[in-house]
Amino acid sequence: MLSIKENETLAVIDRGSPMGDYIRRFWMPFLLSSDIPDSDGEPVNITLMGETLLAFRDTSGKVGLVQRGCAHRNASLFYGRNEENGLRCSYHGWKYDVTGQCVDMPTEDEASNFKDKVKIVSYPVVERGGALWAYMGPPEFKQEFPEFEFFNVPEEQQYISWNRQECNYAQAIEGGIDSAHSNFLHASLDAYWRTESWLEQGKRTGNLRDMYHARDQHPKFFAEDTDYGVATGARRETGEENHYWRYNLFLLPFYTMPPSGARQKFFHAFVPISNGVTARWSFVWNLDRPIPRSDRQLWGRGYGIHSEVTPGPEHYPLRNEANHYLIDREMQKKINFTGISVLADEDYSVQESMGVVTPRMNEHLGTTDVGIIKSRRRLLREANELRDGKEPFAAANGNVFHVRAGDLLLEKNADWLQDPKAKEVMKATW
Ligand code: FES
Ligand SMILES: [Fe+2]
């Protein structure tokens, strides 16, 4: 439970607000490289952190992220001409390069130096891992790029998707941290009812998750602060001399890394588009082998953590609140817990239904919510500390992101975070 004031501090990301300034200390993804493929191609309207921006790829292939309105009289540069390393306003021809500098002002006398004094807002952009990342914080603050293991595997072993989600970023993050919901929201009815065939499957596959989820449906949750954010551990009884642990990581300021397969990993970024809209990103990487084309095609059509989206750079999910996520009540009776066919869309159905900003003053948190409590407290604490002049450690130390989520069996008296076996599971390779 948060107070009205704390809830507002957590949710509001406008420039000048505590959380708005805090999140701007970090790099954030805003488009796939393939969303804006062509030099001198069509610019893309971007809203990021509540700011009205425009991305364009210039003649040399560099991407600029600049304010959308022209400095002259505020016409949208979206309608401009992308030509010869700059964007020319369609109203009176003023032209800007990727740094936002006005480089041509054909309405003024040639001898005038007025153009040199005109610059529109622009943010540094880097292109990495198939995505475009912006830094919207103060230039004098030294920020580092987050060194996720994802960036260190070959391109064929990476897959990225993103889509809009119609709610505040913080409740999307809280959905990512909350591993207790998979037993319900993402469960087949076989798993939910614990049918014989499901229990058999656990024994047959030898998969730790399948085996121990069947044995213990009431995991105990633990959470601790770390240098990257907060680690949450779910502990299950095995009926033997050890415990089964699953680790779910929250990484500052908006990433979650749920436990996944042993060799194929993923993390999400929940990037604020505005106070009420979030871009949910999914970064998948395989440690050993290329991701097959068949998987890419399947995921591209909406499968698992990837939603099916509209073509083009806006990435609206096709299953959304307006069509009730295409819920199928027959499917809900016979096949799965929700009647919604794609896991990602199951997440939106609940997270968006909580309201654009969920009223955390009214909630009743239980024992499964310890990771959520610690993570939101951590965000609030760091945002308030920045107000007092303390820069966020994780933003300036990209190597803290070099971690993995995972699962393992641990001796009953072992330290769930510090035990060498636990550290090994969470260690990324350089
Ligand atoms: S409004 Fe853009 S050049 Fe006049
Ligand atoms: Fe989920």
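Quantities reported herein were computed from a predicted structural model and do not represent experimental measurements. (Residues numbered from 1 in each chain as written. Chains lettered and ligands numbered in written order. Predicted model: local features only at pLDDT ≥ 70, side-chain atom pairs only at ≥ 80, totals over all residues.)

### Structural notes on the environment of Thr47
- Here Thr47 is to be found in strand E2 (residues 44–48).
- Assessed through the 16 C-beta atoms surrounding it within 10 Å, Thr47 is described here as partly exposed.
- Excluding residues within four positions of it along the chain, Thr47 makes contact with Thr52, Leu53, Ile273 and Ser274. (Helix = DSSP H or I, 4+ residues; strand = E, 2+ residues; numbered from the N terminus. Buried ≥ 20, exposed ≤ 12 C-beta atoms within 10 Å, placed from the backbone. Contact = placed C-beta atoms within 7 Å.)

### Some points on the domain arrangement of the protein
- If you check the domain split of the protein, you get domain 1 (27–135) and domain 2 (149–426).
- When contributions to the side of domain 1 that touches domain 2 are tallied by element, the ones reaching two or more residues are strand E1 (27–32) and E2.
- The element best represented in the side of domain 1 that touches domain 2 is E1, accounting for five residues.
- A breakdown of the residues in the side of domain 1 that touches domain 2 according to their chemical character gives ten nonpolar, four polar and two charged. (Domains from an automatic or database assignment. Nonpolar A, V, L, I, M, F, W, Y, C, P; charged D, E, K, R; others polar.)

### Some points on the nonpolar core
- One finds Ala55, Ala134 and Val271 to be the most contacted residues of the largest nonpolar core, which totals 92 residues.
- Both domains that furnish three or more residues to this core are identified here as domain 1 (27–135) and domain 2 (149–426).
- Setting aside anything within four residues of it in sequence, one finds Ala55 in contact with Leu31, Ile36, Pro43, Val44, Ile46, Val63, Gly64 and Leu65.
- Tyr325, Val342, Ala344 and Tyr348 belong to the second-largest nonpolar core, a separate cluster that totals five residues. (Core = buried A, V, L, I, M, F, W, Y, C linked by C-beta atoms within 7 Å.)

### Observations regarding the sheet that holds strand E10 (residues 125–128)
- Taken in spatial order, the three strands line up as E1-E11-E10 in an open sheet, and their pairing is antiparallel. Bordering the open sheet on either side are E1 and E10, each of which pairs with just one other strand. In this sheet, neighbouring strand axes are inclined to one another by 35° on average, regardless of whether the strands run parallel or antiparallel.
- Pairing between E1 and strand E11 (residues 131–135): five bridges, direction antiparallel. Its bridge partner being in E11, Leu31 is matched across the sheet by Leu132. (Pairing = 2+ DSSP bridges. Axes fitted to C-alpha atoms, helices over the stretch in contact; angles between N-to-C directions.)

### Here's the deal with unusual backbone geometry
- A cis amide bond links Leu252 to the next residue, Pro253, at an omega of 0°.
- By the element assignment, Pro253 lies in the loop between strand E15 (242–251) and strand E16 (255–257).
- One non-glycine residue, His315, lies in the positive phi region at around 60°.
- On the secondary structure map, His315 appears in the loop between helix H7 (293–300) and helix H8 (329–334).

### Focus on the pairing of strand E18 (residues 277–286)
- By the criterion of burial, E18 is predominantly enclosed, with eight of the ten residues buried.
- Summarising the sheet, strand E12 (residues 158–165) and E18 pair through eight bridges and their orientation is antiparallel. When the bridges of E18 are listed, Gln158 appears paired with Trp285.
- As paired strands, strand E17 (residues 264–274) and E18 are joined by ten bridges and run antiparallel to one another.

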